[in-house]
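Architecture and fold: a report
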Amino acid sequence: MSLNGILWLAHLFFPRECVHCGVLLDFRERDYLCPGCRARLETVPEPVCERCGVPLEIPAGNPATCPDCREHSPAYRRARSALIFSGPGGSLVRAYKYSAGPYLSGACLRPLLAGGERWYDWEKYDRVVPVPLHPRKTRERGFDQAAVLAAGLSRKTGIPLDRKSLVRIRYTGTQTRLSRKSRRENIRGAFLVTGRDRVRGAEVLLIDDVHTTGATVGECAEALIGAGAAEVDVLTLARAVSR
Ligand SMILES: [Zn+2]
Ligand SMILES: [Zn+2]
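Residues numbered from 1 in each chain as written. Chains lettered and ligands numbered in written order. Predicted model: local features only at pLDDT ≥ 70, side-chain atom pairs only at ≥ 80, totals over all residues.

Examining the sheet that holds strand E1 (residues 78-84)
Remark on secondary structure: sheet strands pair via backbone hydrogen bonds, oriented parallel or antiparallel. To keep things clear, this is the line we draw: The pairing criterion is simple: DSSP has to find at least two bridges between the two strands. Strands are runs of DSSP state E lasting at least 2 residues, helices are runs of H or I lasting at least 4, and numbering of each runs from the N terminus. Axis angles are defined between N-to-C directions and span 0 to 180 degrees, where every axis is a line fitted to C-alpha atoms and, for a helix, only to the segment in contact.
Ordered in space as E1-E6-E5-E2, the 4 strands form an open sheet in which the pairing is parallel. Edge positions in the sheet fall to E1 and strand E2 (127-130), since each has one partner strand and no second. Here the average twist between neighbouring strands, direction ignored, is 25 degrees. Pairing of E1 with strand E6 (residues 231-239), which is carried by 6 bridges, proceeds in the parallel orientation. Across the sheet, the residue bridging to Ala79 is Val234, located in E6.

Points about the nonpolar core
Formally: In this usage, the nonpolar core is the set of buried Ala, Val, Leu, Ile, Met, Phe, Trp, Tyr and Cys residues whose C-beta atoms join them within 7 Å. Counting other C-beta atoms within 10 Å of each residue's C-beta, where C-beta atoms are placed from the backbone, gives the exposure class: buried for 20 or more, exposed for 12 or fewer, partly exposed between. Domain ranges listed in this record stem from an automatic or a database domain assignment.
Formed by 57 residues in total, the largest nonpolar core has its most connected members in Cys108, Leu149, Leu206, Ile207 and Leu224. Residue assignment places this core across two domains, with domain 1 (1-40) and domain 2 (44-239) each supplying three or more.

Observations concerning the pairing of strand E5 (residues 203-211)
In summary, the side chains of a regular strand alternate between the two faces of the sheet. Going by this rule: Consider the strands pointing away from the viewer: the crossover is right-handed when the path from the first strand over the helix to the second runs clockwise.
Of all 9 residues in E5, 8 are buried, a share of seventy percent or more. Alignment of E2 against E5, held across 4 bridges, turns out to be parallel. When the bridges of E5 are listed, Arg127 appears paired with Val204. Looking at chain direction, E5 and E6 are connected through 8 bridges and run parallel. Bridge pairing in E6 links Val204 to Val232. Remark: the E5/helix H10 (residues 215-226)/E6 crossover connection has right-handed handedness.

Focus on the packing of helix H8 (residues 180-187) against H10
Our working rule: Any angle between 65 and 115 degrees counts as roughly perpendicular, while under 35 counts as roughly parallel, over 145 as roughly antiparallel, and the rest as oblique. Definitions for this section: a left-handed crossing has its near helix turned counterclockwise from the far helix by less than a right angle. A right-handed crossing has that turn clockwise. The contact criterion used is a C-beta to C-beta distance within 7 Å, with each C-beta placed from the backbone.
Across the interface, H8 lies against H10 with an axial gap of 9 Å and an inter-helix angle of 40 degrees. The angle between H8 and H10 falls in the class oblique. Of the two elements, H8 crosses H10, and the hand of that crossing is right-handed. Note on element contacts: H10 touches H8 through Ala215, Thr216 and Glu219, opposite Arg183, Arg184 and Ile187.

Looking at the domain arrangement of the chain
Under the convention used in this document: Ten residue types, Ala, Val, Leu, Ile, Met, Phe, Trp, Tyr, Cys and Pro, are classed as nonpolar, four, Asp, Glu, Lys and Arg, as charged, and the remainder, Gly among them, as polar.
As far as domains go, the chain holds domain 1 (1-40) and domain 2 (44-239). Taken together, the 9 residues of domain 1 in the interface contact 8 residues of domain 2. Of the residues contributing to the side of domain 1 that touches domain 2, the split by class is 4 nonpolar, 1 polar and 4 charged.

So, the packing of helix H5 (residues 105-119) against helix H7 (residues 145-157)
At their nearest, the axes of H5 and H7 sit 10 Å apart, and the two run at 60 degrees to each other. As the angle between them shows, H5 and H7 are arranged oblique. At the point where H5 passes H7, the crossing takes the right-handed sense. From H5, Ser105, Cys108, Leu109, Leu112, Leu113 and Gly116 reach across to H7, where they touch Val148, Leu149, Gly152, Leu153 and Lys156. Of the residues that constitute the contact of H5 with H7, the class distribution is 7 nonpolar, 3 polar and 1 charged.

Structural notes on helix H4 (residues 87-98)
Rules: Multiplying 1.5 Å by the helix residue count minus one yields the expected span of that helix.
Along its 12 residues, H4 runs 16 Å from first to last C-alpha, staying within 8% of the 16 Å computed at 1.5 Å per residue. Those residues of H4 that fall on the buried side of the exposure criterion are Pro88, Gly89, Ser91, Leu92, Val93 and Tyr96. Lining the buried residues of H4 we find helix H2 (35-39), E1, H5, H7, E5 and E6.

Some thoughts on the environment of Val148
Among the structural elements, Val148 can be located in helix H7. Note on Val148: 20 C-beta atoms within 10 Å, which makes it buried. Remark: the alpha-carbon pair of Val148 and Ile207, spanning 59 residues in sequence, is separated by 9.9 Å. Leave out the neighbours within four places in its chain, and Val148 touches Pro102, Ser105 and Phe143.

Digging into the environment of Ala223
Tracing the sequence through the fold places Ala223 in helix H10. The spacing of Ala223 and Cys21 is 202 residues in sequence and 40 Å in space, taken between C-alpha atoms. Those residues in contact with Ala223 that sit more than four places away from it in its chain are Leu166, Phe191, Leu192 and Val193.

This is the structure we're talking about:
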């Protein structure tokens with residue numbers, strides 16, 4: 001049977017809907033978004049803060065840095081995101097995190113790679129490191145969404161995947177309702193670098209699903225830099241932007 005035949009049969013028994021608008025998808029659709037919603041996936045508009053990647057209202061001189069980064073300089077060199085965490089992009093990432101999980105990894109990896117290519121030069125990196133989940137959270141959720149993205153990115157770009165060097169040593173619960181400052185305090189000391197030899201002198205690309213205040217990726221970068229990493233750049237699938 002041809003691939004299309006298999007897809008058609010699968011679709012007959014498990015019809016799939018667009019994760020944003022709910023319309024029934026064509027059986028050949030791979031992205032879990034209908035063509036209309038896919039066309040409305042938003043990338044992060046420029047100009048952005050050159051450190052944390054937040055869109056800036058007004059181009060603020062050169063280099064353009066946002067007030068948060070001026071007040072509290074992040075340990076990473078740059079953080080960038082592929083999509084805006086609202087509209088179809090928000091639905092895609094939420095479905096990936098909370099329900100459909102690994103089924104959506106391909107649909108999420110494509111924009112992640114496109115976003116990464118927009119900002120970064122893959123050749124520069126020695127290792128790609130996912131923000132680690134606490135083992136308890138991986139059990140609750142059934143899969144580790146950042147690790148799946150990092151593994152896919154490593155396969156496509158050839159940057160070696162490193163899931164061992166950075167570990168989460170503290171369970172932090174959900175940070176959704178915390179302020180920027182409380183998030184930073186809540187996450188402090190949650191990560192540990194176990195493979196200092198692997199990390200020393202390395203250019204690290206750190207991967208996560210959503211960048212909200214940047215507290216989590218900032219803390220990971222601090223642990224990696226503290227262990228001797230040369231530089232850490234961050235790439236996330238989506239960026240939460242207040243509007
Ligand atoms: Zn749709
Ligand atoms: Zn910033």
